[in-house]
Protein chains: 2
Amino acid sequence: MSNPIDRLVQCLSRLPGIGEKTATRLAFHLVRASDEEARDLASALIEVTEEIRLCSVCANLTQADPCHTCSDVRRDSGLICVVSSPSDVVAIDKSGDFRGTFHVLHGLLSPLDGIGPNDLRIAELVRRLQFDSDGESLVQEVIIATNASVEGEATAMYMARMIKPLGVKVTRIASGIPVGGELEYTDRATIARAMSGRLPL
Amino acid sequence: MSNPIDRLVQCLSRLPGIGEKTATRLAFHLVRASDEEARDLASALIEVTEEIRLCSVCANLTQADPCHTCSDVRRDSGLICVVSSPSDVVAIDKSGDFRGTFHVLHGLLSPLDGIGPNDLRIAELVRRLQFDSDGESLVQEVIIATNASVEGEATAMYMARMIKPLGVKVTRIASGIPVGGELEYTDRATIARAMSGRLPL
């Protein structure tokens, strides 16, 4: 096989979830497809490396700084939803209802992987909880929307312990049976969580 | 979401087998990964569009013309293995034993998709079956190694009807139980094929 194709396969197989076989299939597709398709992808990649930075307020990926969420006056800047990654921002925004702002941690606490509090954008979040002359924060609520995984829970606990003493309300998104889910096919841990997290009707 | 990321997601989701969710995951990975990774991929893509062409002999993808397979004197140019796509060349080469040359059709006959004989590189193959002054071809055998699918079989039939009258031996790769496969879990069509294709021991 010729070298440029090998090189393309190698680059593609570095992507998450793309093994050598898939990378080969994609590379052959790109070679056989119109030159335009490969060029479009190349220029989109270069554009992304050149134009995307982190928002200085919420640390989300953005082209403008502050990002369009942080500079949107229709959004409630007193409500901050903390997520682990930019894709979570997209997921929550697609769910439709949330009209507050975000804060992206860029990771979750994971001592085994050597990821501690200083590796996450926690200091930036604390800086956003600015207090006025009366010692009241302009932020009314911080919603911790990390995954319901071990790392996500640990990060939520840590953040709560950090922020609560500052007098700011901290909440955690609910964990339980997914919408449309059946009890019969739900694992025990999820059912237990759903029971303990029950709400008055 | 910022525009350059959207554009990257769009370009990635045009790839075969990559839906919008996977494209989004890949795009976020590329944005968060080192700039180098995205740049490497971009340059590999551009290199491929600029340097890869079709071999004038076998129509395989190549940087040099003729390709390294066609110009390899240790390979038997009297034995041509016909495949539908460049990835099939890689698959057969990896299987190890074949020391002949290839011919890439770039597709399979598929009347429903509007793909007829003129859309495949069949004329180029016939041109390779050059005849000497005695009317004997320098090619001893053409092995049709198209998929065992309906389109692959139809293409094989068509090629055989086309080449056999020229006095060149045409063979078809065997179809049957895969190595390591169990009869119990093999579909009826494959077992029937394996039975009718039985060889003396």
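Residues numbered from 1 in each chain as written. Chains lettered and ligands numbered in written order. Predicted model: local features only at pLDDT ≥ 70, side-chain atom pairs only at ≥ 80, totals over all residues. Heavy atoms only, no water.

**Section: the overall build of chain A**
Scanning chain A for helices and strands turns up seven helices and six strands. When the elements of chain A are put in sequence order from the N terminus, they spell out α-α-α-β-β-β-α-β-α-β-α-β-α. Going through the 201 residues of chain A one by one, you find that 42% of them count as buried. Excluding contacts between residues fewer than 6 apart, the proportion of contacts in chain A whose partners are at least 24 apart in sequence is 47%. (Helix = DSSP H or I, 4+ residues; strand = E, 2+ residues; numbered from the N terminus. Buried < 20%, exposed > 50% of the residue type's maximum accessible area, 1.4 Å probe, protein only. Contact = heavy atoms within 4.5 Å.)

**Looking at the side chain of R75 of chain B**
All names here are of chain B. Structurally, R75 can be placed in the loop between β2 (61-62) and β3 (76-83). Of note is the side chain of R75, whose polar atom sits 2.6 Å from the backbone oxygen of G100. Apart from the residues within four sequence positions on either side, R75 is in contact with T69, D93, F98, R99, G100, T101 and F102. (Polar contact = N/O pair within 3.5 Å; in protein donor to acceptor, adjacent residues only side chain to side chain.)

**Concerning the side chain of T146 of chain B**
Residues and elements named next belong to chain B. Mapped onto the elements of the fold, T146 is located in the loop between β5 (141-144) and α6 (150-163). Given the relative accessible area of 2%, T146 is considered buried. A polar side-chain atom of T146 sits 2.8 Å from the main-chain carbonyl oxygen of G152. For T146, the residues in contact, after removing those within four places along its chain, are V82, L105, L108, G152, T155, A156, R172 and I173.

**Let's talk about the interface of chain B and chain A**
Each side of the interface is counted separately: chain B has 48 residues, and chain A has 48 residues. When the two sides are added together, the surface that chain B and chain A hide from each other amounts to roughly 4,400 Å², 72% of it contributed by carbon and sulfur. Here chain B is connected to chain A by six salt bridges. Across the pair R7 of chain B and E47 of chain A runs a salt bridge, and its minimum N-O distance is 2.1 Å. (Buried area = accessible area lost by both parts, 1.4 Å probe. Salt bridge = Lys/Arg side-chain N within 4 Å of Asp/Glu carboxyl O.)

**Thoughts on the relation of the copies chain B and chain A**
For the pair chain B and chain A, the best superposition has an RMSD of 0.1 Å and corresponds to a rotation of 180° with a translation of 0.0 Å parallel to the axis. Here the transformation between the copies is reduced to the relation of a two-fold axis. The C-alpha atom lying nearest the rotation axis in chain B is that of A42 of chain B; the distance is 2.1 Å. When you check the interface residues of chain B against chain A, 100% turn up at the interface there too, and the contact is symmetric in its surfaces. (Least-squares fit on C-alpha atoms with pLDDT ≥ 70 in both.)

**Quick word on helix α1 (residues 3-13) of chain A**
All of the buried residues along α1 of chain A are P4, I5, L8, V9, C11 and L12 of chain A. The buried residues of α1 of chain A occupy an angular sector of 165° when projected down its axis, which confines them to one face. In the core, the buried residues of α1 of chain A are packed alongside α2 (20-32) of chain A together with α3 (35-51) and β2 of chain B. (Arc of directions from axis to C-beta.)

**Observations regarding the sheet that holds β5 of chain B**
Residues and elements named next belong to chain B. As summarised here, the arrangement of the four strands in space is β4-β3-β5-β6, forming an open sheet in which the pairing is parallel. Whereas interior strands pair on both sides, the edge strands pair on one side only; in this sheet they are β4 (100-104) and β6 (169-172). Between one strand and the next, the sheet's axes are offset by a mean angle of 25°, whatever the strand orientation. Inspection of the sheet shows β5 paired to β6 by four bridges, in the parallel sense. Bridging across to β6, V142 finds its partner in V170. Set on the sheet, helix α4 (residues 86-95) makes contact with β3 and β4; between it and β4 the angle comes to about 160°. Packed onto the sheet, α6 meets β3, β5 and β6 and runs at close to 170° relative to β6. (Pairing = 2+ DSSP bridges. Axes fitted to C-alpha atoms, helices over the stretch in contact; angles between N-to-C directions.)

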